[in-house]
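Take a look at the letters that make up each chain.
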Amino acid sequence: MYQKIGSVATNYPLIAFSEKNNKARMGFVIGENIWRWRINNFLINQTHNESDEIIQKTIQLVADKTKNSHFHIEKKDIYSQNEDVVINAQLYNDNFELINTSDVEIAITFNNKTQNYIFGKTSNAYHLNLSKLKEGEYTYIAKTTFNNKTYSEKGSFVVTAIAMEQSDLRAKHSDLFTLSKKTDGKMISPKEVEKLYDLIKNNPQIKPIIHESIENRRFISLWWYWLLIILSLGGEWFLRKYWGKI
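Counting from 1, residues in each chain are numbered in the order their sequence is written. With the structure being a predicted model, the display of local features is reserved for residues of pLDDT at least 70 and the display and counting of side-chain atom pairs for 80 or more, all residues being used for whole-chain, interface and lining totals. Hydrogens and water are ignored here; the side-chain numbers use all heavy atoms of the structure.

Brief notes about the pattern of salt bridges
Inference 1: A carboxyl oxygen of Asp or Glu within 4 Å of a side-chain nitrogen of Lys or Arg is what we treat as a salt bridge. Enumeration over the complete set of coordinates arrives at nine salt bridges.
Inference 2: Its salt-bridge partner being Asp52, residue Arg38 comes within 2.7 Å of it at the nearest N-O pair. Highlighted residues: Arg38 in helix α1 (residues 35–45) and Asp52 in helix α2 (residues 49–63), separated in sequence by 14 residues.
Inference 3: Only protein chains enter the accessibility calculation, which uses a 1.4 Å probe; a residue whose area is less than 20% of its type maximum is buried, one above 50% is exposed, and one in between is partly exposed. Taking relative accessible area as the criterion, Asp52 reaches 24% and is therefore assigned partly exposed.
Inference 4: Across the pair Asp103 and Lys121 runs a salt bridge, and its minimum N-O distance is 3.5 Å. Of this pair, Asp103 sits in the loop between β8 (98–99) and β9 (104–110) while Lys121 sits in strand β11 (residues 120–121), and the two are 18 residues apart along the sequence.
Inference 5: According to the relative accessible area criterion, Lys121 is partly exposed, its value standing at 43%. Where helices and strands are cited, they refer to DSSP runs of H or I of at least four residues and of E of at least two residues respectively, numbered from the N terminus.

Structure follows, in C-alpha cells:
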C-alpha cells in the first residue's frame, strides 16, 4: 500500500513491515486518522470488512509471537490408554494465514519400530486420529513442504496405563445388590442408613478380636533384676549387722 498525496500517487509506503533475524517483526503505518478508513470503506461498500481485515491481519502478523514458525504440531504430552491419540497440525503462509494445500506426513517411533502416517485435511488445518495406542513413550517427526521449503517438527508423548476400576466410576446398584445377596450381606438405601448400626451390632460374624503377644527373654540378660537382688541382699546384711543379729 502506497501513499497518495492529493491526486498524486507516490512510491512512499503507507503500510510497511520489517523482520529481524526471522524473529522480531515490526509494522509501520505512515498516516493518521485511521478511523476514517472504516467510514470511507462503509461509504463505498456499505461494510467495514475490508478495513477491519487490514487492521486484524496487521496485528496478527506483528503481535503474535508464538507463530515464529510456519509449521506447528498440537498434541498432548500425556494420553491415557483408553483415549484416542489425536494430533493436529497447522501450516501458515508468509502472511501467517492458515493453509492446508500441502500434505503433512508424520513418522511415529515406538519400541524401535517406526510407522508413517499422513494427516487428514480440515477446512484450513490438519487432523490425525491414531486411535488407542499401547502404553509407553512415543517419538515423532512431522514434515511438510510449501513453496519449495521443507518444514519439520519433532517431539514426543507418553501413553499411560489406566486401572480398570477407574474406567467407570458410576455406581451400579444392581451389581451391588447381587454382590450383597451372594455374600449374605445387606444393601440399604441412604434413607435407611440408621439401620446400619443395628445390622453391624447384631451380626454374629462380627466379634471383638483380642490380640496377645508373648515375648521370651533370658533372665541373665535382665541386669536390673540382678542389681535389685544384690541391693536386697546387701540391705538385709546391713540391717542384721546394725541390729546385732550377726
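Concerning the pairing of strand β7 (residues 86–92)
Inference 1: Across the seven residues that make up β7, a large majority, five, are buried.
Inference 2: When DSSP locates at least two bridges between a pair of strands, those strands are taken to pair. Bridge analysis of β7 against strand β12 (residues 126–129) gives four bridges, and the strand direction is antiparallel. Bridge assignment links Ala89 to a residue of β12, and that residue is Tyr126.
Inference 3: Linking β7 to β8, which pair antiparallel, is a turn of five residues; within it Phe96 sits at a positive phi near 55°.

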